[in-house]
Amino acid sequence: MKLSNKTQALQDLIVPAVQACNVDLWGIEFVPQGKRSLLRIYIDKAVDENVEPMISEDGELELGRGIGVQDCVRVTQQVGAMLDVHDPISGEYALEVSSPGWDRPFFQLEQMPAYIGQQVALRLISAVENRRKFQAKLVAVDLENEVIQVEVEKQQVLEIDSNNIDKANLVYQD
């Protein structure tokens, strides 16, 4: 779950602009695609179950949690202006801003403990038990040793080094 140097530099540049919009940066994806690159920004905000639903000044129903369309618009404007000034991406690029969604991707190990007991999809850099891709139940996250434990079929628990994770996301189950 290590970011490339370019992605890390973009993230460092983007964080203050996102925080200025009163939301949290969940993660970013930078995908160079020839002449036109893609910069996808995921934003989130803390859940507050005690807040009464209300209509915001933008006319949007606010339930005290989650990301709304106006949050995405504000971040797009703020980050877009900042990118225009600093110009860190050569050539054309598309900027997308959204919530992480139900199948949220994980960008840092610190994001995972809240989802212990849930299903995750993993794509590994090097095979573990002869597999690079699998879906499993997240059973433990060890931040100090930078490993996770997942339960695969037949209650087999695998320990996976976080540096071996190419991609990880939550698997939506209703």
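Report on the accompanying structure. (Residues numbered from 1 in each chain as written. Predicted model: local features only at pLDDT ≥ 70, side-chain atom pairs only at ≥ 80, totals over all residues. Heavy atoms only, no water.)

## Some words on the sheet that holds strand β5 (residues 92–98)
And step 1. Pairing in this open sheet of three strands is mixed, and the strands run β1-β2-β5 from one edge to the other. With partners counted over all chains shown, the strands left at the sheet margins are β1 (24–31) and β5, one partner each. Pairwise comparison of adjacent strand axes, ignoring direction, gives a mean angle of 15° for this sheet.
And step 2. Judged from the seven bridges that link them, β1 and strand β2 (residues 36–44) form a sheet pairing that is antiparallel. By the bridge assignment for β2, valine 31 is matched with leucine 38.
And step 3. Those strands touched by helix α1 (residues 5–19) are β1 and β2, and its axis lies near 145° from that of β1.
And step 4. Where helix α2 (residues 69–86) meets the sheet, its contacts fall on β2 and β5, and the angle it forms with β5 comes to roughly 150°. (Pairing = 2+ DSSP bridges. Helix = DSSP H or I, 4+ residues; strand = E, 2+ residues; numbered from the N terminus. Axes fitted to C-alpha atoms, helices over the stretch in contact; angles between N-to-C directions. Contact = heavy atoms within 4.5 Å.)

## Focus: the environment of serine 4
And step 1. Mapped onto the elements, serine 4 comes out in the segment before α1.
And step 2. C-alpha of serine 4 to C-alpha of phenylalanine 30: the two residues are 26 residues apart in sequence and 9.2 Å apart in space.

## Things to note about the pairing of strand β7 (residues 131–142)
And step 1. In the sheet, strand β6 (residues 119–128) pairs with β7 via six bridges, with the strands oriented antiparallel. Paired with arginine 123 across the strands is lysine 133, a residue of β7.
And step 2. Note: β7 against strand β8 (residues 147–152), five bridges, orientation antiparallel. Note that in β8 the partner of valine 141 across the bridge is isoleucine 148.
And step 3. Connecting β7 to the antiparallel partner β8 that follows it, the hairpin turn spans four residues, and glutamate 146 within it adopts a positive phi of roughly 55°.

## Focus on the nonpolar core
And step 1. Membership of the largest hydrophobic core comes to 24 residues, with the highest contact counts inside it found for Phe106, Met112, Leu122, Phe134, Ile148 and Val150.
And step 2. Counting only elements with at least two residues in this core, the list comes to β6, β7, β8, β9 (156–161) and β10 (165–170).
And step 3. With residues near it in sequence (within four places) discarded, leucine 122 still touches Arg132, Lys133, Phe134, Ile148, Val150, Ile160, Ile165, Lys167 and Ala168.
And step 4. Ala17, Leu25, Ile43 and Ile89 belong to the second-largest nonpolar core, a separate cluster that totals 19 residues. (Core = buried A, V, L, I, M, F, W, Y, C linked by side-chain atoms within 4.5 Å. Buried < 20%, exposed > 50% of the residue type's maximum accessible area, 1.4 Å probe, protein only.)

## A look at the packing of aromatic side chains
And step 1. Going through the model one piece at a time under the given rule, you end up with four aromatic pairs.
And step 2. Plain terms: the ring middles of tryptophan 26 and phenylalanine 106 are 6.5 Å apart, the flat faces sit at 50° to each other, and that makes the pair tilted. A residue pair is termed long-range when its members are at least 10 positions apart, and tryptophan 26 in strand β1 and phenylalanine 106 in the loop between β5 and β6 qualify at 80 residues.
And step 3. Accessibility expressed as a relative area gives 11% for tryptophan 26, which makes it buried.
And step 4. Phenylalanine 106 sits in the buried class, given a relative accessible area of 5%.
And step 5. Consider the rings of tyrosine 42 and phenylalanine 107, whose centres lie 5.6 Å apart with planes at 40°: the pair is tilted. Note that tyrosine 42 is positioned in strand β2 and phenylalanine 107 in the loop between β5 and β6, a separation of 65 residues in sequence.
And step 6. In this structure tyrosine 42 comes out as buried when scored by relative accessible area, which is 10%.
And step 7. For phenylalanine 107, a relative accessible area of 11% corresponds to the buried category. (Phe/Tyr/Trp six-rings, centres within 6.5 Å; stacked < 30°, edge-to-face > 60°.)

## Notes on α2
And step 1. For α2, which comprises 18 residues, the first-to-last C-alpha distance of 26 Å matches the rise-based estimate of 26 Å (1.5 Å per residue) to within 8%.
And step 2. Within α2 the residues assigned to the buried category are Asp71, Cys72, Val75, Val79, Gly80, Met82 and Leu83. Seen end-on, α2 carries its buried residues on one side only, within an arc spanning 170°. Opposite its buried face, α2 presents the exposed residues Val69, Gln77, Asp84 and Val85, each directed more than 90 degrees away.
And step 3. Aspartate 87 occupies a position one or two residues after α2 and carries a positive phi of about 45°. (Expected span 1.5 Å × (residues − 1). Arc of directions from axis to C-beta.)

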